[in-house]
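Okay, here's what each chain looks like letter by letter:
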Amino acid sequence: MLRGRCLCGGVRYEISGPLSDVLNCHCSMCRKAHGAAFRSRARVKATDFRWIEGEELVTYFESSPGHHRGFCGVCGSPLLGRVDRDPTVYGLALGTLDDDPGIKPKSHIFVASKAPWFDITDDLPQFPERPTKAP
Ligand SMILES: [Zn+2]
Ligand SMILES: [Zn+2]
């Protein structure tokens, strides 16, 4: 069982299954949504994810058609993304985890949109946009 929460602690969740497709996304929308050089995210099955507390605080912003970014309406922590075309999976903002998921990002995507003030210094594969098949 993995647990996480937002900065203010008003929203808490737990995950009962494995995370997959862990990556760092450097697209401009992720950078703005997270106020950071990139967003680290993992895929989680919707059936493995459960809000424990504060689901009513989670606010969704539709950053592109059908792509909803959920964040805490009180403190602003990015929490969860969902897409209309596949409601069976969520994109989890790794930074909100309290537990160690035991896996680490395996690639950088949307590197063509990377912030000019950030250098990638690891040896993970880099993709200019979204790879056709996520590593
Ligand atoms: Zn919060
Ligand atoms: Zn992105």
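Located above this text is the structure these notes cover.
Model, not experiment: these values are computed from the prediction.

A. Examining the coordination of the zinc ion (ligand 1) more closely. On the protein side, the zinc ion (ligand 1) has Cys6 (SG), Cys8 (SG), Cys72 (SG) and Cys75 (SG) as donor atoms, found 2.3 Å from it. Taken together, the 4 donor atoms coordinating the zinc ion (ligand 1) span angles of 103 to 114° at the metal, a pattern that classifies the geometry as tetrahedral. Each donor residue of the zinc ion (ligand 1) belongs to the same chain, with the gaps between them written as C-x1-C-x63-C-x2-C. Since its relative accessible area comes to 1%, cysteine 72 is described here as buried. For cysteine 75, a relative accessible area of 27% translates into the label partly exposed.

B. Expanded view of the sheet that holds strand E5 (residues 49-53). Reading across the sheet, the 3 strands line up as E1-E2-E5 and stay open at both edges, with antiparallel pairing between neighbours. Of all strands in the sheet, those with a lone pairing partner are strand E1 (2-5) and E5, marking the two edges. The sheet shows a mean angle of 25° between the axes of neighbouring strands, taken without regard to direction. Taken together, the 4 bridges between strand E2 (residues 12-15) and E5 define a ladder with antiparallel strand orientation. Within E5, the position partnered with glutamate 14 by the bridge is arginine 50.

C. Geometry of the coordination of the zinc ion (ligand 2). The zinc ion (ligand 2) binds to the protein through Cys25 (SG), Cys27 (SG) and Cys30 (SG); the donor distances cover 2.1 to 2.3 Å. For the zinc ion (ligand 2), the donor residues sit on a single chain with the sequence spacing C-x1-C-x2-C. Relative accessible area serves as the criterion here: at 1%, cysteine 30 is assigned to the buried category.

D. Just the pairing of strand E7 (residues 67-72), in detail. A large share of E7 lies buried, amounting to 5 of its 6 residues. Where strand E6 (residues 58-64) lies against E7, 6 bridges are found, and the strand directions are antiparallel. Among the inter-strand pairings, threonine 59 is bridged to a residue of E7, identified as phenylalanine 71. Hairpin remark: E6 followed by E7, antiparallel, with 2 residues in the connecting loop; positive phi at glycine 66, about 80°.

E. A look at the sheet that holds strand E8 (residues 78-83). Here we have 7 strands laid out as an open sheet, ordered E6-E7-E8-E9-E4-E3-E10, and mixed in their pairing. Each edge of the open sheet carries a strand with a single partner, namely E6 and strand E10 (108-109). In the sheet, strand E4 (residues 39-45) pairs with strand E9 (residues 86-93) via 5 bridges, with the strands oriented antiparallel. The residue of E9 that forms the bridge with arginine 43 is glycine 91.

F. A look at the pattern of salt bridges. Taken as a whole and assessed by the stated rule, the structure comprises 5 salt bridges. For the salt bridge of glutamate 14 with arginine 3, the shortest nitrogen-to-oxygen distance reads 3.2 Å. Placement of the pair is glutamate 14 in strand E2 and arginine 3 in strand E1, with a sequence separation of 11 residues. On the basis of relative accessible area, glutamate 14 is assigned to the buried category, the value being 9%. Taking the shortest distance from any N to any O, the salt bridge between glutamate 53 and arginine 12 comes out at 3.0 Å.

Quick notes on the rules
- Residues numbered from 1 in each chain as written.
- Chains lettered and ligands numbered in written order.
- Predicted model: local features only at pLDDT ≥ 70, side-chain atom pairs only at ≥ 80, totals over all residues.
- Heavy atoms only, no water.
- Donors = N, O, S within 2.8 Å, 3.2 Å for Na, K, Ca; no water.
- Tetrahedral: all angles 85-135°; square planar, octahedral: opposite > 155°, others 65-115°.
- Buried < 20%, exposed > 50% of the residue type's maximum accessible area, 1.4 Å probe, protein only.
- Pairing = 2+ DSSP bridges.
- Helix = DSSP H or I, 4+ residues; strand = E, 2+ residues; numbered from the N terminus.
- Axes fitted to C-alpha atoms, helices over the stretch in contact; angles between N-to-C directions.
- Salt bridge = Lys/Arg side-chain N within 4 Å of Asp/Glu carboxyl O.

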